Structures are given as structure tokens and as C-alpha cells.
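# Topology and contacts: notes
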Amino acid sequence: MAKRKTAYVCAECGADYPRWQGQCNDCGAWNSISEFVISPAKANGDVRRSGYAGQTVAQVQTLDSIDLTALPRFSSGFLELDRVLGGGVVPGSAILIGGSPGAGKSTLLLQTMCKLAQQHEALYVTGEESLQQVALRAHRLGLPTNKLKLLAETSVESICEMALAQRPKIVVIDSIQVMHMADVQSAPGSVSQVRESAAYLTRFAKQQQIAILMVGHVTKDGSLAGPKVLEHCIDCSMMLEGDSDSRFRTLRGQKNRFGAVNELGVFAMTEKGLREVSNPSAIFLSREEQPSPGSSVMVVWEGTRPLLVEIQALVDYSQMANPRRLAVGLEQNRLAMLLAVLHRHGNVQMNDQDVFVNVVGGVKVAETGADLALLLSMVSSFRNQPLPKELIVFGEVGLAGEIRPVPNGVDRLAEAAKHGFTRAIVPMANVPKQPIKGMEVRGVKRLAEALEAL
């Protein structure tokens, strides 16, 4: 019998070491290296950890000989989920969905599987709840339960054997942190167990053309629990976000080999489960009848569609030696940089003012197209003068005070026109060649021009 070998793997970057050490040399993380047992290679040359029935040997093929017609996407039943996935579920893909406790991961997947079970063979594997608990939730949500197959199991090998017998088209694993393999000598949820279980399930999905959706837990800082290799081996990674006091949930794609990255899907939590929101801009634009100072509306580009969001700013005299700079939904360092640009090129000084900015609805804006809208909202609050209610603003602001264009400018303006906006201040390069009906577009090249346009 071959002797088992032991390696030490970093949970952050996946680097291997022959012995334990306190710090990883690759990523610099401390106390992230844990023991990992390597199973011996098979006598026939198969170096996989353990086999399952129906496992085939890989063959070399040319790229043009691969048949693509055998992998048509199929809908999940939710248009918003299909959007984040890139147009639907790809057979043989491994999908990971994470989120904080209570965000609605299990609810969303149970609704999806009950819908898919009406047309395809579907298997829901629960490792954290009993079958009675899953059935009780489905009954409470009023879902069709006559065709969905359930399995309470935490052994990866047993799950794959059952999937081979049932031949489902899609399988849900809830969750990957409670799965374990017999060859890995560590507790479920450890780095080695999560890594090997995810790799085994991903290999099984691709060889058997069965789509697998895995639920992942998150740590206290909001990142996915387990090794970083977990996000590398799967095909698609999504994060379900939402506060417990808010009824809206956002599903954001962080990695997708079959579609656009950073695609956003919006859901509303109801007593009957999650309901998709077809017009997200409407929920983020719940504005007052009378415009108030410090509020501006911009169009962000999320994945493949524009989204209207409201940016609010509050500028007030500071009683402290160092005025506070607080940004919620925006990058903190970019706020400080824009304040310096506003002072230098806009001749507006806020050195003695507290500045608080917020994106309404809990949306996180990462693109630079929000620069101009943020600056104008701060100036509006500082001067106590509201911006016109029908005004839309977007554009990137450079350190020299220039207004740079943003991608998909015409599509952003068209989306704003659909929601009744009649005026726009945009970069000069984003002014459409053909006028948009019912909208007056003002193009600016410098920050001073944008302030004069108000």
C-alpha cells in the first residue's frame, strides 16, 4: 500500500509548502497554512483522488472538432438570474453563489429548482437542513413540490454516485462548506475539504454534463469562506447581497466564463420568496416631489444594462480640526481626490466642511462615471441650491479638471429619457450625433464648464 503524503496549503492563495510555516511567501498572509493530505496515485496512472462509476479518460481533440450544439443554455426560470449567468445555465458548468446568512440563497435556489423540475430532472442536495425543513419552506412559499428530488447527504462521493443513477440536468449543493471526502483527513469546512470537494464536483459536472450550483458561506468581512482556489476552479461566482432591514436583494456576478462580469440582478424579498425586479431604476429613484440640495441622478453601467441611481451629498461646517470624509457606496479615496480637483479647478474650497456622500438604495458604484454627478451634488449641498429634478449627469473627472467620456454614453442617455429626464450634462465626447427626442444634452470639456452649466 502506498504511503500517504502530506503537504501544507495556504488558504488565501493556494501555495503549497513541504512543511508548516507561519507566513505564506507568495501572498504574505499569516497563519493561513494548514495541513493537506495527498492521496496516492492509482496504479493505472489515474492521479485523481477517487473515482466514480462512469468516469472516462480524457482524450486529445482539435479545437474545430468540438461539437457546440450539444451545450445549449437553458433558462433558470428567473430572467434576472439568467442575466447574471450570461443568458441561462450552461450544462456542465460549476456555479457558486455566496451571501451573508439570511440573504436568501437557499430560498432563491429552492424556487429555481422547483421551477426547473417541471421541465427537467433536478436534484436538490441539502447538507445543513433536514428534508422536512426544506419541504416546509417550499410549502410556505407555495412552490410546486411534486417533481423536485431531494437528498440529505454530505459525502461528495455518495452524491456523485446518486447523480449518476438519477441523471439530473442540474444539481444544487447546499452548502459546499459541509461537504466532505473520505480521502481527505480533515474536518468538513476546512481548507483541504472545501478545496477537494469543489474540485471533485467541478470535474464531475464537466465530464457528465450536469450543471452544479454550490452554496458558499461568507466570512465576517463579507468574502467567500474557504480557500481562494475555490473561486478559481468554478466557472461562475455570484454574490447575493442585501441588508436584513431591506426587502431588496442584489445578485452580482463576480466571475463568469460564459458571460459578462459584474452583471447585476435585482430581487425583492416577499412572503412568497424572492421576486425579480424588472425595472431596478424605479426602486432606486424614489425621489421627493420637491428637489432638495445635494441630490443628483446619474446612470451607471452594470454588466450589460444601464441603471439609474441617486447620489446624495451633505456638506456641513465642521467643528473638528480634521473634517470628516465619509462615503457609502463609493470609494473613499476617490472622494478625497475629487475634493482636491474641485478646489483646484472649480475654485470651491471645502477644507473646513464635513462631507458625507451616499448612494441611495445600497448600490455600490465602482465606475468612474459617477465623478461629475458626485461633484455637482457636493456643490449643490455646499451652496444650498437644489439641482433641477429633470437633470441627469455622468462623466469622469480627471486630475487636470477635464471631463472624460464614459462607455455606452448614448445608451445611458436613452435609459434616462425613458424615465422622464429632459436635461443632461455629459462629457463632450458622449454627446449623441442624433438628438434624443425630448432631451436637451449639454456637453462639457472642463469642470468649470459643468459648474457654469448649472
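Let me begin by describing the structure that accompanies this report. The structure displayed is predicted, hence computed values, not measured ones.

## Some points on the pairing of strand β16 (residues 353-359)
Counting buried positions along β16 gives five out of seven residues, so the element sits mostly inside the fold. Taken together, the seven bridges between strand β14 (residues 305-317) and β16 define a ladder with antiparallel strand orientation. Within β16, the position partnered with Ile311 by the bridge is Val359. Here strand β15 (residues 325-328) pairs with β16 via four bridges, running parallel. Along β16, the bridge assignment pairs Arg325 with Val355. In this fold, β15 hands off to helix α8 (residues 332-346), which returns the chain to β16; that crossover is left-handed.

## Observations regarding the sheet that holds strand β9 (residues 236-241)
Strands sit in the order β6-β5-β7-β8-β4-β9-β10-β11-β12 across an open sheet of nine strands; the sheet is mixed. Edge positions in the sheet fall to β6 (149-152) and β12 (273-276), since each of these pairs with one other strand and no more. Sheet twist, expressed as the average angle between the axes of neighbouring strands with direction ignored, equals 25°.

## Overview of the side chain of Ser175
Structurally, the position occupied by Ser175 is in the loop between β7 (170-174) and α5 (191-208). Residues within four places of Ser175 in sequence aside, it is in contact with Glu128, Val215 and His217.

## Section: the sheet that holds β16
Taken in spatial order, the four strands line up as β13-β14-β16-β15 in an open sheet, and their pairing is mixed. Edge positions in the sheet fall to β13 (295-302) and β15, since each of these pairs with one other strand and no more. Sheet twist, expressed as the average angle between the axes of neighbouring strands with direction ignored, equals 20°. In the sheet, β13 pairs with β14 via eight bridges, with the strands oriented antiparallel. When the bridges of β14 are listed, Trp301 appears paired with Pro306. Here α8 sits on the sheet in contact with β15 and β16, set at roughly 125° to β15.

## Topic: the pattern of salt bridges
Between side chains of opposite charge, a pair can form as their charged atoms come close. Using the criterion set out here, one finds eleven salt bridges in the structure. The closest approach of N and O atoms between Glu121 and Lys149, which form a salt bridge, is 3.0 Å. One end of the pair, Glu121, is in the loop between α2 (105-116) and β5 (122-126); the other, Lys149, is in strand β6, with 28 residues separating them in the sequence. By relative accessible area, which is 39% here, Glu121 ends up partly exposed. Residue classification places Lys149 among the partly exposed positions, given a relative accessible area of 31%. A single salt-bridge network, built from bridges that share partners, covers Lys206, Asp235 and Arg257.

## Details of the packing of helix α4 (residues 156-166) against α5
Two elements in contact, α4 and α5, have axes separated by 10 Å at closest approach and are oriented at 15°. Taken as axis vectors, α4 and α5 run roughly parallel relative to one another. At the point where α4 passes α5, the crossing takes the right-handed sense. The residues of α5 that touch α4, namely those facing Val156, Glu157, Cys160, Ala163 and Leu164, are Ser197, Tyr200, Leu201, Phe204 and Gln208.

## Things to note about a nonpolar patch on the surface
Side chains of Leu63, Ile66 and Leu68 sit close together on the surface and give an oily, nonpolar patch of about 370 Å² of accessible area. The topology assignment puts Leu63 in the loop between β3 (33-38) and α1 (79-85). Taking relative accessible area as the criterion, Leu63 reaches 75% and is therefore assigned exposed.

## Here we look at the packing of aromatic side chains
Counted under the stated rule, the structure contains one aromatic pair. Taking 5.9 Å as the distance between ring centres and 75° as the angle between the ring planes, the aromatic pair formed by Phe78 and Phe267 counts as edge-to-face. Of this pair, Phe78 sits in the loop between β3 and α1 while Phe267 sits in strand β11 (residues 264-270), placing them 189 residues apart in sequence. As far as the burial class goes, Phe78 and Phe267 line up, both buried. The lysine or arginine in question, Lys115, covers the ring of Phe78, its NZ or CZ lying 3.8 Å from the ring centre. One residue, Arg247, lies across the ring of Phe248, its end atom 5.0 Å from the ring centre.

## Quick look at helix α3 (residues 131-140)
When we look at burial in α3, the residues that qualify are Val134, Arg137 and Ala138. Viewed end-on, α3 has its buried residues packed into an arc of 100°, placing them on one side of the element. When the buried face of α3 is taken as reference, the exposed residues oriented beyond 90 degrees from it are Gln132, Leu136 and His139. Against α2, β5 and β6 lie the buried residues of α3. At the exit of α3 stands Gly142, carrying a positive phi of roughly 70°.

## Examining the nonpolar core
If you look at the biggest cluster of nonpolar residues, it comprises 59 residues, and the most contacted ones within it are Val309, Val357, Leu372 and Met378. Ranked by the residues each element gives to this core, the list is headed by helix α9 (residues 371-383), at seven residues. Residues Phe78, Ile95, Leu109 and Leu213 belong to the second largest nonpolar core, which totals 34 residues.

## Overview of the side chain of Lys105
The residue Lys105 is located in helix α2 in this model. For the buried Lys105, which has no salt bridge, the nearest side chain bearing the opposite charge is Asp174, at an N-O separation of 7.1 Å. Reaching out from Lys105, the side chain makes a polar contact with the backbone oxygen of Gly99 at a distance of 3.2 Å. Other than its neighbours up to four places away in sequence, Lys105 contacts Ile97, Gly98, Gly99, Ser100, Val215, Gly216 and Leu240.

Calculation criteria
- Residues numbered from 1 in each chain as written.
- Predicted model: local features only at pLDDT ≥ 70, side-chain atom pairs only at ≥ 80, totals over all residues.
- Heavy atoms only, no water.
- Buried < 20%, exposed > 50% of the residue type's maximum accessible area, 1.4 Å probe, protein only.
- Helix = DSSP H or I, 4+ residues; strand = E, 2+ residues; numbered from the N terminus.
- Pairing = 2+ DSSP bridges.
- Right-handed = clockwise from strand over helix to strand, strands pointing away.
- Axes fitted to C-alpha atoms, helices over the stretch in contact; angles between N-to-C directions.
- Contact = heavy atoms within 4.5 Å.
- Salt bridge = Lys/Arg side-chain N within 4 Å of Asp/Glu carboxyl O.
- Parallel < 35°, antiparallel > 145°, perpendicular 65-115°, else oblique.
- Left-handed = near helix turned anticlockwise from the far one by under 90°.
- Patch = residues over 30% accessible without salt bridge, like charges linked within 9 Å, V, L, I, M, F, W, Y side chains within 5 Å.
- Areas by Shrake-Rupley, 256 points an atom, 1.4 Å probe, with all protein chains shown as cover.
- Phe/Tyr/Trp six-rings, centres within 6.5 Å; stacked < 30°, edge-to-face > 60°.
- Lys NZ or Arg CZ within 6 Å of the ring centre and 35° of its normal.
- Arc of directions from axis to C-beta.
- Core = buried A, V, L, I, M, F, W, Y, C linked by side-chain atoms within 4.5 Å.
- Lys, Arg positive; Asp, Glu negative; His and termini not counted.
- Polar contact = N/O pair within 3.5 Å; in protein donor to acceptor, adjacent residues only side chain to side chain.

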